[in-house]
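# Observations on the model geometry
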Amino acid sequence: MKIIVTGGAGFIGSNFVYYELKNSNDEIICYDKLTYAGNLETLKDAENNPNYKFIRGSISNRERVYRLFEEEKPDIIVNFAAESHVDRSIEDPELFLRTNIIGTSVLLDACKKYGIKRFHQVSTDEVYGDLPLDRPDLFFTEKTNLHTSSPYSASKASADLIVQAYQRTYQIPATISRCSNNYGPYHFPEKLIPLMIINALNNKKLPVYGTGENVRDWLYVEDHCSAIDLIIRKGKVGEIYNVGGHNEKTNLHVVKTILKILGKSEDLIEFVTDRKGHDRRYAIDPTKIETELGWTPKTKFDDGIKMTVDWYLKNKDWWEKIISGEYQDYYEKMYGNR
Ligand code: NAD
Ligand code: TYD
């Protein structure tokens, strides 16, 4: 089979490319615009694999996407391509609407025009909004109402609705997964875990938003990849699957854990102005994918975070190139006067 992985030069998409090259005999095509978040260095270990090919292009470019379908005749599309950072969506919502909503609809139009065996939309638990901190008994299930907080989550929820509309109206064989926060290798340094690891290594302050009590439900990226792999092969068309491994942690706990692994002082922590509209708690109930597809996550947070810190220690070349470029301007703009 031929699988097109859109956004495959980003964090989760690249991990998925490697997962498939290792665990299947399928042909994998990475289709990516290479925005600031896309990085061909990330995919250099795949370059010589005969089952792998990279094609540059945007999911929002209709003509380019149609040509991609004509030339490649894919069996499966897995759509990771997106603007993915909440803080950036607060600065520039429109880009998120264009990429995440229009881009998804262009891909779906191509599926409708040329046919597809499976379209999989990689969504997020952020479409459910947030849960209160004092109700640990509450979890997101697939039936939880959509209730978005940020331009990012609103754009992802909109894309999900469009996928469902195309599935029902045009019988596009689509599935959707909604996963909790991922962490692991190749995570772009603007996100919490890599940012804190890199700042700590450079003895820079670790900017914790608000009080640091917000809770995220962390999943090691390879476990997300195995879930998507199962869904595209065994998942039922028209279904939504929540993905998460019950690894809820406060941001402060995550930051302190990183400092402890690196043997650095907690004095590096700096509480800064809170994010606007900051979601309090995310927590996934993964019962459906566990019982219907037999998925189980392999990596617990305490192991995964050590593996991740170790990866950043061993791959300085990868992140030093990123943080030496335009990322500096971004950092100054977001954190300079916070
Ligand atoms: P990322 O920002 O690291 O990567 C996004 C990739 O998409 C980049 O390679 C970028 O170049 C590419 N891209 C952006 N616009 C494009 C366009 N118009 N056309 C083609 N490619 C384009 O993001 P990520 O963290 O790997 O997230 C991937 C997907 O998973 C996103 O859809 C995100 O919403 C979802 N998700 C992420 C998480 C998480 O914790 N990171 C959790 C759940 C779901
Ligand atoms: P992030 O990695 O941006 O993921 P998301 O907002 O999609 O969950 O942020 C994770 C949590 O960490 C979130 O509650 C915001 C917080 N955070 C900080 O406290 N400081 C930071 O510098 C960043 C980037 C995030």
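You'll find the structure just up there.
What you see is a predicted model, and the numbers here were worked out from it, not measured in a lab.

For the pair helix H6 (residues 192-201) and helix H8 (residues 251-262), interaxial distance at closest approach is 10 Å and the crossing angle is 40°. As the angle between them shows, H6 and H8 are arranged oblique. H8 is crossed by H6, and the crossing has right-handed handedness. Note on element contacts: H8 touches H6 through Asn251, Val254, Val255, Ile258, Leu259 and Leu262, opposite Leu192, Ile193, Met196, Ile197, Ala200 and Leu201. Of the residues belonging to the contact of H6 with H8, the class tally is eleven nonpolar, one polar and no charged.

What follows is about the site of ligand 1. In the vicinity of ligand 1 there are 29 residues, among which Ile12, Asp32, Ser84, Tyr152 and Lys156 approach most closely. Here serine 84 contributes a side-chain N or O atom positioned 2.7 Å from an oxygen atom of ligand 1. Between ligand 1 and valine 122 there is a distance of 3.5 Å, counted from an oxygen atom to a backbone nitrogen or oxygen. Protein burial of ligand 1: of its 840 Å² of free accessible surface, 97% is covered by the chains. Only helix H1 (11-23), strand E5 (118-124) and helix H5 (151-170) provide two or more residues apiece to the shell around ligand 1. Considering each element in turn, the shell around ligand 1 owes the most residues, three residues, to E5. Of the residues assigned to the shell around ligand 1, the class counts are twelve nonpolar, 14 polar and three charged.

If you check the shell around ligand 2, you find 19 residues, and the closest are Glu126, Arg216, Arg275, His278 and Tyr335. Between an oxygen atom of ligand 2 and a main-chain N or O atom of leucine 192, the distance comes to 2.9 Å. Contact between ligand 2 and proline 207: a nitrogen atom at 2.7 Å from a main-chain N or O atom of the residue. If ligand 2 stood free it would expose 510 Å²; the protein chains cover 97% of that surface. Contributions of two or more residues to the shell around ligand 2 are made by H6 and strand E8 (206-209). Taken together, the residues that form the shell around ligand 2 break down as nine nonpolar, five polar and five charged.

Bringing the sheet that holds strand E6 (residues 174-179) into the picture now. As summarised here, the arrangement of the seven strands in space is E3-E2-E1-E4-E5-E6-E11, forming an open sheet in which the pairing is parallel. The open sheet has two free edges, formed respectively by strand E3 (52-56) and strand E11 (240-243), since each of these has just one partner strand. Put simply, the sheet's adjacent strands are angled 20° from each other on average, direction ignored. Inspection of the sheet shows strand E2 (residues 27-32) paired to E3 by five bridges, in the parallel sense. Note that in E3 the partner of isoleucine 28 across the bridge is tyrosine 52.

Here the focus is the packing of aromatic side chains. The full count for this structure, using the stated rule, is 22 aromatic pairs. Between tyrosine 36 and phenylalanine 188, the ring centres sit 5.2 Å apart and the planes meet at 85°, which makes this aromatic pair edge-to-face. Separated by 152 residues along the polypeptide, tyrosine 36 in the loop between E2 and E3 and phenylalanine 188 in the loop between strand E7 (182-183) and H6 bring together distant segments of the chain. Residue phenylalanine 188 is classed as buried on the basis of its relative accessible area, which comes to 10%. Aromatic pair tyrosine 312 and tryptophan 318: ring centres 6.4 Å apart, planes at 75°, arrangement edge-to-face. Grouping residues by exposure puts tyrosine 312 and tryptophan 318 together as buried. Ring pairs connect the aromatic residues Tyr36, Phe188, Tyr209, Tyr327, Tyr330, Tyr331 and Tyr335, which therefore count as one cluster.

Further remarks concern the packing of helix H2 (residues 62-72) against helix H4 (residues 93-114). At their nearest, the axes of H2 and H4 sit 10 Å apart, and the two run at 40° to each other. Between H2 and H4, the interaxial angle falls into the category oblique. Classified by chirality, the crossing of H4 by H2 is right-handed. Facing H2, whose interface residues are Arg62, Val65, Tyr66, Phe69 and Glu70, H4 presents Val106, Leu107, Asp109, Ala110, Cys111, Lys113 and Tyr114.

What follows covers the nonpolar core. By size, the foremost hydrophobic cluster in this structure holds 61 residues, and its most contacted members are Phe16, Val78, Ile193, Ile197 and Ile258. Apart from the residues lying within four places of it in its own chain, the contact partners of isoleucine 258 are Ile193, Met196, Ile197 and Ile305. If you look at the next biggest cluster of nonpolar residues, it comprises 31 residues, including Leu108, Val127, Ile176 and Ala283.

Cut-off values and rules
Counting restarts for each chain: residues are numbered from 1 in the order of the written sequence. Chain A is the first chain written and ligand 1 is the first ligand written, with later ones labelled in order. Per-residue local features of the predicted model are confined to residues with pLDDT of at least 70, and side-chain atom pairs are confined, for both listing and counting, to 80 or more; whole-chain, interface and lining totals are unaffected and use all residues. By convention in this description, side-chain values take in all heavy atoms of the structure and omit both hydrogens and water. Throughout, an axis means a line fitted to C-alpha atoms (over the contacting stretch in the case of helices), and angles, computed between N-to-C directions, take values from 0 to 180 degrees. Put simply, DSSP H or I for four residues or longer makes a helix, DSSP E for two residues or longer makes a strand, and each gets a number counted from the N terminus. Note on angle classes: values under 35 degrees are labelled roughly parallel, values over 145 roughly antiparallel, values of 65 to 115 roughly perpendicular, and the remainder oblique. In a left-handed crossing the near helix is turned counterclockwise from the far helix by less than a right angle, and in a right-handed crossing that turn is clockwise. We call two residues in contact when some of their heavy atoms are within 4.5 Å. Residue type decides the class: Asp, Glu, Lys and Arg count as charged, Ala, Val, Leu, Ile, Met, Phe, Trp, Tyr, Cys and Pro as nonpolar, and the leftover types, Gly among them, as polar. Any residue with a heavy atom lying within 4 Å of a molecule or strand is counted as near it. Whenever two N or O atoms come within 3.5 Å, that pair is a polar contact, provided that in protein one can donate a hydrogen and the other can accept it, and provided that, for residues adjacent in sequence, both atoms are side-chain atoms. Note on areas: these come from Shrake-Rupley sampling with a 1.4 Å probe, and a residue is covered only by the protein chains present in the view. Between any two strands, pairing holds if DSSP finds at least two bridges. Aromatic rings from Phe, Tyr and Trp, with only the six-membered ring used for Trp, were paired whenever their centres fell within 6.5 Å, and each pair was classed as stacked if the ring planes differed by under 30 degrees, edge-to-face if by over 60, and tilted otherwise. Type-normalised accessible area, obtained with a 1.4 Å probe on protein chains alone, sets the label of each residue: buried when under 20%, exposed when over 50%, and partly exposed for intermediate values. Residues belong to one nonpolar core when they are buried, are Ala, Val, Leu, Ile, Met, Phe, Trp, Tyr or Cys, and are joined through side-chain atoms within 4.5 Å.

Any link to function would need more than the numbers given here.
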